[in-house]
Amino acid sequence: MASLLQDRLTTDQDLLLMQEGMLMRKVRSKSWKKLRYFRLQNDGMTVWHARQARSSAKPSFSISDVETVRKGHDSELLRSLAEEFPLEQGFTIVFHGRSSNLDLVANSVEEAQIWMRGLQLLVDLVTSMDEQERLDQWLSDWFQRGDKNQDGRMSFQEVQRLLHLMNVEMDQEYAFSLFQAADTSQSGTLEGEEFVQFYKALTKRAEVQELFESFSADGQKLTLLEFLDFLTEEQKERDCTSDLALELIDRYEPSDSGKLRHVLSLDGFLSYLCSKDGDIFNPACLPVYQDMTQPLSHYFINSSHNTYLVGDQLCGQSSVEGYIRALKRGCRCVEVDVWDGPSGEPIVYHGHTLTSRILFKDVLATVAQYAFQTSDYPVILSLENHCSWEQQQTMAHHLTEILGEQLLSTTLDGLLPTQLPSPEELRRKILVKGKKLETLEEDLEEEEEEEEPEPELEGEEESELVVEPRFGTEPQELSPRSKDKKEKKSRPILCPALSALVVYLKSVSFHSFTHSKENYHFYEMSSFSETKAKRLIKEAGNEFVQHNTWQLSRVYPSGLRTDSSNYNPRELWNAGCQMVAMNMQTAGLEMDICDGLFHQNGSCGYVLKPDFLCDAQSSFHPERPISPFKAQTLLIQVISGQQLPKVDKTKEGSIVDPLVKVQIFGVRPDTTRQETNHVENNGFNPYWGQTLCFRVLVPELTVLRFVVEDYDWKSRNDFIGQYTLPWTCMQQGYRHIHLLSKDGTSLHPASIFVYICIREDLEEVES
């Protein structure tokens, strides 16, 4: 079980010093700064901490949970403490998902450098591991956990305890027979390689062996032609050639002799099934594969609501971290609520609430730094401008100075366009969405009018703005009319310098679809509350679809969602709404659907809408869909599960009773769910062998979510893991689904094994 990691742990000077441990200051806030003793464990995969060098330690974090390590200068919190601690001594550990960052301050610059270099080295090693290395590391972790007395070998008693930790309930006699078979040294204990053999016997996949033998003439290997038959008949690989089969054998067959003879062993076959090529998500959909030269209105755009918030909408913390996280996960439209701040500097926060404040210029600096780290396609700044004339001028200055060349401040060629530009044309550009004094035509003609129009500023989300509640009362929604009376006198006038920076995304009020068609231009767009958008879909769904073929629409969550909960974006996407803004800080089903859709196309934040949502004469109605294609039947055989994690890791003796739920989200008639029976006391290798059947009218708008739950007859089932993907990215055949946590992070090696079959209905269906 030796690896590159083990070699580095014994030779790299930084890692050796980290294993000795160091005293550092853990910083949570300006007032919470405590000394803790941090030490890298001998496995090189976990860091523990204690109050002092020799006091009892507990796990702090796992290297596999770390995304990156940042310098102290890049930490919002450490910058605020710069007078107390030199920034060079500080660093930040950033975790995958939504876990809070860990800010640490070392006793010297040199010690900080040791931890920063060492941690980044370990993160890079873990990231670069292939499937087999990841499995070896996973086994090494379990061996460390099972070897209670840390003597490098495991007794049968320790193995029994480990089986419970691994979610396995097994007959004691059978477990002992596997133990004895693996104990080739007959020492009564299992050492490294013997433990690997024990694990292989434990995880023998009877269902995979049966499948392998059904295509293999001798039951020992798959010849090139036999493997080609499997790929064509079962995996439905289109245009599959012997060259592709040969490439896969070369990639997944572990033995050199097998590669030379162009055959695939059972181990190689299993390796293929567990790989990206055997995944349910089609690898062809992972890079940017869609046409990126169509107008912006033809794409779904990954959008964030109140991006600055990392908590709730009333008292939550505002932080530039919200922008970093959103942009790094591929979000392309971020929201900035700007208000007058002290010393003439505009601030960003959720107005009329107790949320904390951050500087507008700090938000822009963060956007400039992170805008194009994940995707080259354009970023949209959705400005909610509540500032005075003077501070609007400061905003305009900051936008041009901080964003520089990245900011789009005029049309692409200086000429009047006839439609919205494409994501391809706008690569690495930041666009401002907001109010504008003039039309684009007037801007380009540079006509000077005798009397400058002075539109009043108004928040686009005003109809559902949460006002400060009196103590002991619920938040109230303010009607537009009553809000008008309250704020009419105090509304500032739009500053021309800021207005000029709005080019293709001019915010306008929505009156009706007819009014928009007769009075508005393609570069003007409206925002809708989720309530209003859903009502319009019911009342005029086809008009909404046609409207969204030429104009952009942004939908935002109800102001009553003070807990930062989310709505289901699929319902709004069905009407062609491009910018469905989500509270990205809140994990759950709705964010799984959003992440599932935008995982395709290079996670670039833009997904091309189906043709019938781009056609200005489209007859499609999301509430009464008539698909231009034939309805399809989906058969999903849920076969087995592998290494499912425990729901409650603190209960050593508890084993999960897993079931699989398949949820379909699409147009209303297609939205449904089915589930398997539960398997008692087996989270390690449960077998279901059940087939679920779904009939879908509009596959192009369908997202599937696979959820594994721990059955509980007394209360609500507990969540174990999930995976969500678009129908259009799903591969047929025998596929593994690699599960993700509630937070969207990998639960490797947890997976479920399924068989997918899609059949086209003979007759076209209307509903």
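Looking at an unreviewed UniProt entry, the chain carries the name Phosphoinositide phospholipase C, with the source organism given as Carlito syrichta. Quoted verbatim from the Cofactor (unreviewed entry) heading of the UniProt record, the comment on the chain is "Ca(2+)".

A. Quick look at the overall build of the chain. Across its full length, the chain carries 23 helices and 26 strands. A globule of 767 residues ought to have a C-alpha radius of gyration of about 27 Å, and the chain, at 29 Å, matches this closely. Evaluated residue by residue, the chain yields a buried proportion of 53% over its 767 residues. Relative to all contacts within the chain whose residues are 6 or more apart in sequence, the contacts with residues 24 or more apart total 69%. As displayed, the chain has an accessible area near 34,500 Å², and 47% of this comes from carbon and sulfur atoms. Distance from the positive charge centre (77 side chains) to the negative charge centre (119 side chains) of the chain: 6 Å.

B. Highlighting the layout of surface pockets. In this structure, the second largest pocket occupies an estimated 1,000 Å³ of space. The wall of the second largest pocket is formed by 38 residues, among which Glu 76, Leu 77, Gln 317, Ser 319 and Glu 321 lie closest to the centre. For the lining of the second largest pocket, the secondary structure elements donating two or more residues are strand 1 (22-27), helix 3 (76-80), strand 6 (90-95), strand 7 (102-105), helix 14 (321-328), strand 11 (358-359) and helix 15 (360-370). Two domains each provide a minimum of three residues to the lining of the second largest pocket, namely domain 1 (4-129) and domain 4 (296-439 + 492-613).

C. Spotlight on the UniProt feature "domain: EF-hand" (unreviewed entry) in the chain. As annotated by UniProt and renumbered to match this structure, "domain: EF-hand" (unreviewed entry) occupies residues 134-169 and 170-205. End C-alpha atoms of residues 170-205 are separated by 16 Å, and the span's content is 61% helix alongside 0% strand.

D. View of the packing of aromatic side chains. Following the criterion strictly, the structure yields 26 aromatic pairs and no others. Between Phe 227 and Tyr 272 the ring centres are 5.6 Å apart and the planes differ by 85°, which places this aromatic pair in the edge-to-face class. Separated by 45 residues along the polypeptide, Phe 227 in helix 10 (residues 224-233) and Tyr 272 in helix 13 (residues 266-273) bring together distant segments of the chain. Comparing Phe 227 with Tyr 272 shows no difference in burial state: the two are buried.

E. How the structure looks around unusual backbone geometry. Note the cis peptide between His 748 and Pro 749, where omega equals 5°. Locating Pro 749 in the fold gives a position in strand 26 (residues 746-760). Residues other than glycine seldom take positive phi values, yet Gln 186 does so here, at roughly 55°. For Gln 186, the location among the structural elements is in the loop between helix 7 (172-182) and helix 8 (192-202). Gln 186 sits in the exposed class, given a relative accessible area of 72%.

F. Representation of the sheet that holds strand 3 (residues 46-50) within the structure. Pairing within the open sheet is antiparallel, and its 7 strands lie in the order 4-3-2-1-7-6-5. The sheet is open, and its two edges are formed by strand 4 (58-62) and strand 5 (66-71), each paired on a single side. Neighbour-to-neighbour, the strand axes of the sheet open up by a mean angle of 35°, direction not taken into account. Both strand 5 and strand 6 contribute to a ladder of 5 bridges, which runs antiparallel.

G. Expanded view of a positive patch on the surface. On the surface, a cluster of positive charge is made up of Arg 28, Lys 34, Arg 51 and Lys 58. By the secondary structure assignment, Arg 51 is in the loop between strand 3 and strand 4. Classification of Arg 51 by relative accessible area gives exposed; the value is 60%.

H. Main features of the UniProt feature "domain: PH" (unreviewed entry) in the chain. In this structure's numbering, the residues bearing the UniProt feature "domain: PH" (unreviewed entry) are residues 16-124. Between the C-alpha atoms that bound residues 16-124 the distance is 17 Å, and the span itself is 24% helix and 37% strand.

I. Main features of the side chain of His 298. Along the polypeptide, His 298 turns up in the loop between helix 13 and strand 8 (299-304). There is a polar contact of 2.8 Å between the side chain of His 298 and the side chain of Gln 294. Excluding residues that lie within four positions of it along the chain, His 298 makes contacts with Thr 549, Val 607, Leu 608, Lys 609 and Cys 614.

J. Molecular detail of the pattern of salt bridges. According to the stated counting rule, one finds 27 salt bridges in the structure shown. Between Arg 735 and Glu 237 there is a salt bridge; the shortest N-O distance is 3.6 Å. You can see Arg 735 sitting in strand 25 (residues 733-740) and its partner Glu 237 sitting in the loop between helix 10 and helix 11 (242-252), a full 498 residues away along the chain. Residue Arg 735 is classed as buried on the basis of its relative accessible area of 0%.

K. Expanded view of helix 16 (residues 389-403). With 15 residues, helix 16 should cover 21 Å at 1.5 Å per step; its first-to-last C-alpha distance of 21 Å lies within 8% of that length. Residues Gln 391, Gln 392, Met 395, Ala 396, His 398, Leu 399 and Leu 403 constitute the buried set of helix 16. Buried residues along helix 16 cover an arc of 160° about the axis, so they all sit on one side. Away from the buried face of helix 16 by more than 90 degrees, exposed residues Glu 390 and Glu 401 are located. Buried positions along helix 16 lie against strand 9 (333-339), helix 15, strand 12 (379-385), strand 13 (430-434) and helix 19 (496-499). Remark: Gly 404 follows helix 16 within two positions and exhibits a positive phi of approximately 55°.

L. Focus on the side chain of Ser 216. Relative to the assigned elements, Ser 216 resides in the loop between helix 9 (206-215) and helix 10. Its relative accessible area of 8% is what places Ser 216 among the buried residues. Setting aside anything within four residues of it in sequence, one finds Ser 216 in contact with Lys 221, Leu 222 and Glu 226.

M. View of the environment of Phe 38. Structurally, the position occupied by Phe 38 is in strand 2 (residues 33-40). Classification of Phe 38 by relative accessible area gives buried; the value is 1%. It is 20 Å that separates the C-alpha atoms of Phe 38 and Thr 11, two residues lying 27 residues apart in sequence. Among residues more than four places away in sequence, those in contact with Phe 38 are Gly 21, Met 22, Met 24, Val 47, Trp 48, His 49, Ser 60, Leu 104 and Trp 115.

N. Structural detail: a negative patch on the surface. On the surface, Asp 130, Glu 131, Glu 133, Asp 136 and Glu 193 cluster together to form a negatively charged patch. Looking at the negative patch, the element that brings in the most residues is helix 5 (residues 131-146), giving 3 residues. Along the chain, the position of Glu 193 falls in helix 8.

O. Fine view of helix 8. For helix 8, every residue scored as buried is listed here: Glu 194, Phe 195, Val 196, Phe 198, Tyr 199 and Leu 202. For helix 8, the secondary structure elements touched by its buried residues are helix 5, helix 6 (156-165) and helix 7.

P. Focus on the environment of Val 263. Along the polypeptide, Val 263 turns up in the loop between helix 12 (256-260) and helix 13. Note on Val 263: relative accessible area 8%, which makes it buried. A sequence separation of 10 residues divides Val 263 from Glu 253, and the C-alpha atoms of the two residues are 7.9 Å apart. Every residue in contact with Val 263, bar those within four places of it in the chain, is listed here: Lys 221, Leu 222, Thr 223, Ile 249, Glu 253 and Gly 258.

Procedures and definitions
- Residues numbered from 1 in each chain as written.
- Predicted model: local features only at pLDDT ≥ 70, side-chain atom pairs only at ≥ 80, totals over all residues.
- Heavy atoms only, no water.
- UniProt positions renumbered as here; feature names shortened; annotations may be inferred.
- Helix = DSSP H or I, 4+ residues; strand = E, 2+ residues; numbered from the N terminus.
- Rg over C-alpha atoms; globule rule 2.2 N^0.38 Å.
- Buried < 20%, exposed > 50% of the residue type's maximum accessible area, 1.4 Å probe, protein only.
- Contact = heavy atoms within 4.5 Å.
- Areas by Shrake-Rupley, 256 points an atom, 1.4 Å probe, with all protein chains shown as cover.
- Lys, Arg positive; Asp, Glu negative; His and termini not counted.
- Charge placed at Lys NZ, Arg CZ, Asp CG, Glu CD.
- 1 Å grid on protein atoms, 1.4 Å probe; cavity = no way out; pocket = protein on both sides within 12 Å on 5 of 7 lines; lining within 4 Å.
- Points joined across faces, edges and corners; volume = space filled by probe spheres on them.
- Domains from an automatic or database assignment.
- Phe/Tyr/Trp six-rings, centres within 6.5 Å; stacked < 30°, edge-to-face > 60°.
- Pairing = 2+ DSSP bridges.
- Axes fitted to C-alpha atoms, helices over the stretch in contact; angles between N-to-C directions.
- Patch = residues over 30% accessible without salt bridge, like charges linked within 9 Å, V, L, I, M, F, W, Y side chains within 5 Å.
- Salt bridge = Lys/Arg side-chain N within 4 Å of Asp/Glu carboxyl O.
- Polar contact = N/O pair within 3.5 Å; in protein donor to acceptor, adjacent residues only side chain to side chain.
- Expected span 1.5 Å × (residues − 1).
- Arc of directions from axis to C-beta.

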